[in-house]
Amino acid sequence: MNPSGSRFRAWLSPLVHLSNNPISLVGVIIVTSAFVFLAFLAPTMWGGKVDNPYTGIVIFMAVPSLFILGLLLIPLGIWLRNRQEQRRGTKLSSFPPLDFKNPDFRKLAIFIGLTTFVNVLVAGQVAYSSITYMDGVEFCGKTCHTVMQPEYTAYLNSPHARVECVSCHIGPGAGWFVKSKLSGTWQVIAVTFNLYPRPIPTPVHNLRPARETCETCHWPQKFGGDRVRVINKFADDEPNTQSKTVLLMRIGGGNGSSGIHGYHLGPGVQMRYAPADESRQSIPIVEYTRGDGKWTRFVSSEAKPEDLSRLSNPESMRVMDCMDCHNRPSHTFQIPERALDNAMGDGRVAPDLPFAKKQALQILKQDYPNQKEGMERISSQFEKFYADKYPDVYAKRGADIKKSASEVAHIWGRNVFPEMKVKWGSYPNNLGHTDFPGCFRCHDDNHASTDGKKIVQDCASCHSLLAMDEPSPKVLTDLGIASAAGAGIGK
């Protein structure tokens with residue numbers, strides 16, 4: 001007989017007896033469940049790298065936490081049962097052998113076997129389904145419906161509507177998903193106790209660098225040729241007089257060429273700036289490093305002493321990347337004039353309805369208590385205007401008016417969210433300079449270096465003006481795209 005084996009059995013027998021209690025058995029269920037989940041997810045851990053951030057959350061945080069919780073419950077239940085038996089005087093002085101004749105051992109073995117079998121059946125499907133669900137836009141956009149409704153709505157109408165949220169907001173690797181989930185912990189608390197700000201601030205300070213997210217799909221060094229952009233504009237007179245501005249955008253590239261990307265992303269080029277406000281809409285200091293390593297500092301004449309004091313703190317200077325101009329790539333909110341011009345140029349709002357632009361603007365700029373009531377009132381007011389003021393038009397073109405009224409309501413519904421205090425213009429878009437400062441935050445002809453150089457406001461650097469507010473620009477006819485100019489080219 002093996003004496004060491006006998007001693008082990010003698011030590012294990014009371015633990016088997018005492019572990020037959022509800023708390024310890026729950027602990028056994030949790031431990032076996034966590035173990036089986038880890039077994040199913042183990043292949044994704046090989047190599048120490050997890051590409052899916054939510055897989056990493058489950059593997060490195062959620063499942064191990066449950067495993068530890070289960071391990072703690074098992075001895076807790078044993079300790080409580082031991083103390084209970086001592087108080088009652090029912091504590092055994094000797095224990096039956098560890099075989100299937102022992103009822104305690106038999107119950108525990110059967111219980112562990114059944115729970116393991118059930119977990120194996122369930123864990124594979126649950127693990128896959130839960131990770132897939134958390135990786136989807138439904139989880140990001142609808143779990144906290146009211147809070148995320150503005151961003152989710154904008155996302156669904158964006159060029160990135162088929163790109164999953166986590167690809168841009170977290171990206172690959174374990175480090176950033178840990179950061180995001182630590183931040184997410186507070187967000188859960190804020191939503192639970194209604195502590196979140198309204199509107200939700202743009203997360204400019206905790207976004208991952210664009211070179212680790214955007215540039216996994218977009219290649220800044222690739223040359224981008226010149227592109228024609230047609231901007232439709234409708235007046236607020238009765239015929240909604242249409243005019244068009246035609247720009248030749250000089251995109252360029254980061255391969256040493258000129259153009260927008262060439263100047264900002266060329267080889268050896270680096271830009272740093274010190275913003276004066278949290279939203280980075282005021283930029284008093286810019287530093288520009290050329291390909292030869294020489295750098296120049298440009299300071300706005302309107303810079304304040306506190307702005308200049310940031311120069312002594314390197315952490316206050318941000319290295320410019322894609323997100324400083326493309327700050328709303330998937331969550332763009334428009335101003336009413338721009339949204340209406342686009343909708344009328346596309347024909348979604350009939351441009352030949354009398355005073356369509358003026359009336360729609362008046363309705364859109366009113367205040368409404370919530371999304372549902374706002375969209376209903378906007379649609380009904382637009383229809384009522386034609387029913388009252390232009391009954392003949394309403395009788396002949398009722399379908400067009402209803403369709404246009406619906407689109408006007410949806411323009412408001414995509415951009416204004418009273419519950420979250422999101423109003424027209426709440427979220428500036430830095431791409432361009434017509435609706436918000438954008439490019440002119442730096443290119444204002446007001447940032448100068450000590451030797452007199454300036455960041456110029458030279459329109460020709462970024463685009464050539466081919467036509468300006470013309471009803472029928474000849475250049476579009478020459479290019480053979482006049483008929484398509486109102487159908488969304490370059491908007």
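Since the structure is predicted, the reported quantities are computational estimates derived from the model, not experimental observations.

**A few points about the packing of aromatic side chains**
Within the structure shown, the criterion is met by eight aromatic pairs. The interplanar angle of 90° and the centroid separation of 6.4 Å between the aromatic rings of phenylalanine 333 and phenylalanine 417 together place this pair among those described as edge-to-face. Here phenylalanine 333, found in the loop between strand E6 (318-319) and helix H11 (336-346), pairs with phenylalanine 417, found in the loop between helix H15 (398-415) and strand E7 (447-448); they are 84 residues apart in sequence, far enough to count as distant. Each of the two residues, phenylalanine 333 as well as phenylalanine 417, counts as buried. Ring geometry for tyrosine 386 versus tyrosine 390: centroids 6.1 Å apart, planes at 40°, classification tilted. Every member of this aromatic cluster is reached through a ring pair, and the members are Phe382, Phe385, Tyr386 and Tyr390. Above the plane of the ring of tyrosine 427 lies arginine 328, whose end atom (NZ or CZ) is 4.5 Å from the centre.

**A short note on the pattern of salt bridges**
Per the stated rule, a full pass over the model turns up 21 salt bridges. Residue aspartate 321 is joined to arginine 318 by a salt bridge in which the shortest nitrogen-to-oxygen separation is 2.8 Å. On the accessibility criterion, aspartate 321 (15% relative accessible area) is buried. We note a salt bridge from aspartate 478 to lysine 474, for which the minimum N-O separation is 2.9 Å. Taken together, the residues aspartate 478 and lysine 474, both in helix H16 (residues 474-479) and four residues apart, mark about one turn of the helix. There is no split in this pair, since aspartate 478 and lysine 474 are both exposed. The structure contains a network of salt bridges with shared partners spanning Asp346, Arg348, Glu407 and Arg414.

**Side note on the sheet that holds strand E5 (residues 295-300)**
Sheet strands line up and pair through hydrogen bonds in the backbone, either parallel or antiparallel. Strand order in the open sheet formed by five strands is E6-E3-E4-E5-E7, with antiparallel pairing between adjacent strands. Edge strands, defined here as strands with exactly one partner in the open sheet, are E6 and E7. The pairing of E5 with E7 spans two bridges and is classified as antiparallel. Residue pairing in the sheet places serine 300 in a bridge with histidine 447 of E7.

**Some words on unusual backbone geometry**
Here the bond from arginine 198 into proline 199 is cis, since omega is -5°, no more than 30 degrees from zero. Within the secondary structure, proline 199 is located in the loop between helix H8 (174-192) and strand E1 (227-234). Positive phi outside glycine occurs at asparagine 194, with the angle close to 55°. Structurally, asparagine 194 is set in the loop between H8 and E1. Positive phi outside glycine occurs at aspartate 469, with the angle close to 50°. Its location among the elements puts aspartate 469 in strand E8 (residues 463-470). A relative accessible area of 38% means that aspartate 469 is categorised as partly exposed.

**Notes on the packing of helix H12 (residues 356-364) against helix H13 (residues 371-389)**
In helix packing, the relevant descriptors are the interaxial angle and the interaxial distance, both defined with respect to the helix axes. Contact pair H12 / H13: the axes reach a minimum separation of 10 Å and the direction vectors enclose 145°. In the packing of H12 onto H13, the handedness of the crossing is right-handed. Judged by residue contacts, Ala356, Gln359, Ala360, Ile363 and Leu364 of H12 engage Ile378, Gln381, Phe382, Phe385 and Tyr386 from H13.

**Concerning the sheet that holds strand E2 (residues 242-249)**
In space, the three strands of this open sheet follow the order E1-E2-E8, with antiparallel pairing throughout. In this open sheet, the two strands that pair with only one neighbour each are E1 and E8. Between one strand and the next, the sheet's axes are offset by a mean angle of 10°, whatever the strand orientation. As judged from the eight bridges shared by E1 and E2, these two strands associate in the antiparallel manner. Bridging across to E2, lysine 233 finds its partner in serine 243.

**A closer look at the environment of glutamine 366**
Along the chain, the position of glutamine 366 falls in the loop between H12 and H13. Sequence separation between glutamine 366 and isoleucine 378 is 12 residues; the distance between their C-alpha atoms is 9.1 Å. In contact with glutamine 366, not counting residues within four places along its chain, are Gln381 and Trp412. For glutamine 366, the side chain forms a polar contact with the side chain of glutamine 381, separated by 3.4 Å.

**Some remarks on the pairing of strand E3 (residues 270-274)**
Walk down a regular strand and you will see the side chains alternate between the two sheet faces. Looking at chain direction, E3 and strand E4 (residues 285-289) are connected through five bridges and run antiparallel. Directly across from alanine 274, in E4, lies its bridge partner isoleucine 285. In this structure, E3 lies alongside E6, joined through two bridges in antiparallel fashion. Bridged to tyrosine 273 within E6 is arginine 318.

**Quick look at the nonpolar core**
Ranked by internal contacts, the top residues of the largest apolar core, which has 26 residues, are Leu340, Leu353, Leu364, Ile378, Phe382, Tyr386 and Val408. Only H11, H12, H13 and H15 provide two or more residues apiece to this core. Here this core takes six residues from H15, the largest share from any one element. Those residues in contact with valine 408 that sit more than four places away from it in its chain are Leu340, Val349, Ala360, Leu364, Ile378 and Phe382. Counting residues in hydrophobic clusters, the runner-up holds nine residues, among them Ala190, Tyr196, Met420 and Val422.

**Notes on the environment of leucine 340**
One can find leucine 340 in helix H11. Sequence spacing of leucine 340 and phenylalanine 234 is 106 residues, and the spatial spacing of their C-alpha atoms is 8.5 Å.

**Observations concerning the confidence of the model for the protein**
In this model, the protein carries a mean pLDDT of 81, and residues with pLDDT of at least 70 account for 75%. Looking at the elements of the protein, mean pLDDT is at its lowest for helix H1 (residues 3-18), recorded as 55, and at its highest for H12, recorded as 98. A low-confidence stretch, residues 45-51 stays under pLDDT 50, and its non-local contacts, those more than four residues away or across chains, total 13 contacts. In the model, residues 484-491 has pLDDT below 50 throughout and makes 23 contacts with residues more than four positions away in sequence or in other chains.

Conventions adopted
- Residues numbered from 1 in each chain as written.
- Predicted model: local features only at pLDDT ≥ 70, side-chain atom pairs only at ≥ 80, totals over all residues.
- Heavy atoms only, no water.
- Phe/Tyr/Trp six-rings, centres within 6.5 Å; stacked < 30°, edge-to-face > 60°.
- Helix = DSSP H or I, 4+ residues; strand = E, 2+ residues; numbered from the N terminus.
- Buried < 20%, exposed > 50% of the residue type's maximum accessible area, 1.4 Å probe, protein only.
- Lys NZ or Arg CZ within 6 Å of the ring centre and 35° of its normal.
- Salt bridge = Lys/Arg side-chain N within 4 Å of Asp/Glu carboxyl O.
- Pairing = 2+ DSSP bridges.
- Axes fitted to C-alpha atoms, helices over the stretch in contact; angles between N-to-C directions.
- Left-handed = near helix turned anticlockwise from the far one by under 90°.
- Contact = heavy atoms within 4.5 Å.
- Polar contact = N/O pair within 3.5 Å; in protein donor to acceptor, adjacent residues only side chain to side chain.
- Core = buried A, V, L, I, M, F, W, Y, C linked by side-chain atoms within 4.5 Å.
- pLDDT = per-residue confidence, 0-100.

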